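Coordinates in review
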Amino acid sequence: MPVESGSSAASRQSKQKRKSHSLSIRRTNSTEQDRSGLPRDLLDGQDSKLPMSLRSNLLDLFGQIEREFENLYIENLELRREIETLNDRLAAEGQTVEGGDLTKGALKTKASHSTSQLSQKLRTTYKASTSKIVSSFKATTSRAVCQLLREYAGHRDGIWDLSVSRTQPMVLGTASADHSAMLWSIETGKCLLKYVGHQGSVNSIKFHPTEQMALTASGDQTAHIWRYLVQLPTPQPVADLTSACEDDGDFSDKEEVDGEGEGPSECPSVRAPATTLRSHQGVVIAADWLVGGKQVVTASWDRAANLYDVETSELVHSLTGHDQELTHCCTHPSQRLVVTSSRDTTFRLWDFRDPAIHSVNVFQGHTDTVTSAVFTMGDNVVSGSDDRTVKVWDLKNMRSPIATIRTDSAVNRISVSVNQRVIALPHDNRQVRLFDMSGVRLARLPRSNRQGHRRMVCCTTWCEDSASCNLFSCGFDRQAIGWNINIPALLQEK
């Protein structure tokens, strides 16, 4: 009896498969032809106030949706048949090669692994196909409105960080690589005061919760506390630069010119700090006030975070444990909690609520440098990373994030709006995106050669009490920008 070769058998199976596929196509086409004629015959017999052309277009759209789901259903059936065939083949191999009851565990593992792969493929197919359908029905009338109100230009190098004072008069503070920190009038964009007491890059700035004092961290391995006294100028009219927040898109650098920032008009300067905090053996990358303002915490490239007493300038605790340089630190607005982030892909939560016990929890939710981790007014921590993700965590159960935001660029120092619970993400690719706490993208701030940042955006901060700007961003284009963000309630409730 002749034996069929492997190549001829494969050829026959391929022909049968193409034949069955062609039959299914013909069957589908014939069905579509039948359907296309039937609804239009019924149009004349239906009582509707819609114009005939509109009704016809609606029927075409629903017909396309039905055909799309029918194709998905057919793919589902084919995938299920492949799963059954694979399981049968694995079962046969397990009985003939390994035999006995000992193969049941290994067989089950192989089958479940293959099944999970195909199930994942099925879910991906459904998601990709249905998203194309759903995206066409998204409402475009309710969009966030972003207005660029003010540009704060005057630094001679990139701006690493910015913050808004918590007491009156309300001012904007910026920390720059040009070894200085500046205070600005939010309403006019005028420089009110310049701090030049550091001998290295000023990497962060934070304001005291109740007094007119600022805390700055520097590359000179110190943190400074300095007092300021400013008088706000008369506000000036703001040019109308309102535009709807844009969808994501690619932008070219060809049309952009990195203009040299003009120096600010003459403003008073502070040259000496009220308090100098020393003890770090490396760059101090960030610093923040603990609730109450009697203690501060600093984060350094020497892999440690230090807790200081403000009145005595003494080191209270040295928080060690990170394996690589620290990148950021943040304090809880109402509790004695500190979160530090590091290049070791982790962030740590330090609990000082009990004076006798100082606990620490380590969280490993990222695969690259954690650039920042910040608290919200509630029980959440939001972390951003160079792995292009932002994750929202619940302080009561931080074993896994409650939301994950995936982006196309590394994320720098993020901030969270207290009132609107909106996360502002500054990116390496010059974009600033807004998301809600559940991970839904709300908007992207407009950016072009006329407005927006021209270089990496380093930091964002919210200002809930300002009558004009409620979001600020800064970058390595040597400027800070004040925005007014109006997010409709419809978008926030998504």
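Please read these numbers as outputs of a predicted model, since none were measured by experiment.

1. Some words on the overall build of the protein
- Helix and strand counts for the protein stand at four helices and 30 strands.
- Across the 494 residues that make up the protein, the buried fraction comes to 45%.
- Within the protein, counting contacts between residues at least 6 apart in sequence, those at least 24 apart form 53% of the total.
- Here the protein has roughly 26200 Å² of accessible surface; of this, 50% comes from carbon and sulfur atoms.

2. Considering the packing of aromatic side chains
- Per the stated rule, a full pass over the model turns up nine aromatic pairs.
- On the numbers, 4.5 Å between centres and 0° between planes, the contact of tyrosine 195 with tryptophan 226 is stacked. Placement of the pair is tyrosine 195 in strand β5 (residues 191-195) and tryptophan 226 in strand β8 (residues 223-227), with a sequence separation of 31 residues.
- The buried category is assigned to tryptophan 226, whose relative accessible area is 0%.
- Site record: aromatic cluster; members linked through ring pairs are Tyr195, Phe207, Trp226 and Tyr228.

3. Observations concerning the sheet that holds strand β23 (residues 403-406)
- Strand order across the open sheet formed by four strands is β20-β21-β22-β23, with antiparallel pairing between neighbours. In this open sheet, the two edge strands, each paired with only one partner strand, are β20 (370-375) and β23. Looking at each pair of strands side by side, their axes are set apart by 15° on average, direction ignored.
- Here strand β21 (residues 380-385) runs beside strand β22 (residues 389-394); their pairing, made up of five bridges, is antiparallel. Its bridge partner lying in β22, asparagine 380 is registered against aspartate 394.

4. A word on the environment of asparagine 419
- By the element assignment, asparagine 419 lies in the loop between β24 (415-416) and β25 (422-426).
- Asparagine 419 gets classed as exposed once you look at its relative accessible area, which sits at 58%.
- Separated by 44 residues in the primary sequence, asparagine 419 and cysteine 463 place their C-alpha atoms 9.8 Å from one another.

5. Section: the confidence of the model for the protein
- Per-residue confidence for the protein averages 80 on the pLDDT scale, and 72% of its residues sit at or above 70.
- Of the regions scoring below 50 in pLDDT, residues 128-142 engages in ten contacts with residues more than four places distant in sequence or in other chains.

6. Thoughts on the sheet that holds strand β12 (residues 284-289)
- In spatial order, the strands read β12-β13-β14-β15; together these four strands make up an open sheet with antiparallel pairing. Edge positions in the open sheet fall to β12 and β15 (315-320), since each of these has one partner strand only. With direction set aside, neighbouring strand axes in the sheet form an average angle of 20°.
- Bridge count for strand β14 (residues 304-309) against β15 is five bridges, and the pairing is antiparallel. Each bridged residue has a counterpart across the sheet, and for leucine 307 the counterpart in β15 is histidine 317.

7. A word on the pattern of salt bridges
- Inspection of every chain in the model, using the stated rule, returns seven salt bridges.
- The partner of arginine 433 in a salt bridge is aspartate 408, with the nearest N and O atoms 3.3 Å apart. One end of the pair, arginine 433, is in strand β26 (residues 432-436); the other, aspartate 408, is in the loop between β23 and β24, with 25 residues separating them in the sequence.
- On the accessibility criterion, arginine 433 (3% relative accessible area) is buried.
- Its relative accessible area of 42% is what places aspartate 408 among the partly exposed residues.
- One salt-bridge network, in which partners are shared between bridges, spans Asp161, Lys206 and Arg413.

8. Observations concerning the nonpolar core
- Phe347, Val382, Ile423 and Leu425 are the most contacted members of the largest nonpolar core, which has 25 residues in total.
- Listed by contribution, the elements that provide at least two residues to this core are β17 (337-342), β18 (347-354), β20, β21, β22, β23 and β25.
- Looking at this core, the element that brings in the most residues is β20, giving four residues.
- Setting aside residues up to four positions removed in sequence, valine 382 forms contacts with Ser372, Ala373, Val374, Thr376, Val390, Lys391, Val392, Ile414, Val416, Ile423 and Met437.
- If you look at the next biggest cluster of nonpolar residues, it comprises 18 residues, including Met170, Leu172, Cys459 and Cys469.

9. Things to note about unusual backbone geometry
- Glutamine 168 connects to proline 169 through a cis peptide bond whose omega is -5°.
- In this structure, glutamine 221 is a non-glycine residue whose phi angle is positive, near 70°.
- Mapped onto the secondary structure, glutamine 221 falls in the loop between β7 (213-218) and β8.
- Glutamine 221 gets classed as partly exposed once you look at its relative accessible area, which sits at 33%.
- Even without glycine at this site, arginine 430 takes up a positive phi of about 80°.
- Position of arginine 430 among the secondary structure elements: in the loop between β25 and β26.

Analysis parameters
- Residues numbered from 1 in each chain as written.
- Predicted model: local features only at pLDDT ≥ 70, side-chain atom pairs only at ≥ 80, totals over all residues.
- Heavy atoms only, no water.
- Helix = DSSP H or I, 4+ residues; strand = E, 2+ residues; numbered from the N terminus.
- Buried < 20%, exposed > 50% of the residue type's maximum accessible area, 1.4 Å probe, protein only.
- Contact = heavy atoms within 4.5 Å.
- Areas by Shrake-Rupley, 256 points an atom, 1.4 Å probe, with all protein chains shown as cover.
- Phe/Tyr/Trp six-rings, centres within 6.5 Å; stacked < 30°, edge-to-face > 60°.
- Pairing = 2+ DSSP bridges.
- Axes fitted to C-alpha atoms, helices over the stretch in contact; angles between N-to-C directions.
- pLDDT = per-residue confidence, 0-100.
- Salt bridge = Lys/Arg side-chain N within 4 Å of Asp/Glu carboxyl O.
- Core = buried A, V, L, I, M, F, W, Y, C linked by side-chain atoms within 4.5 Å.

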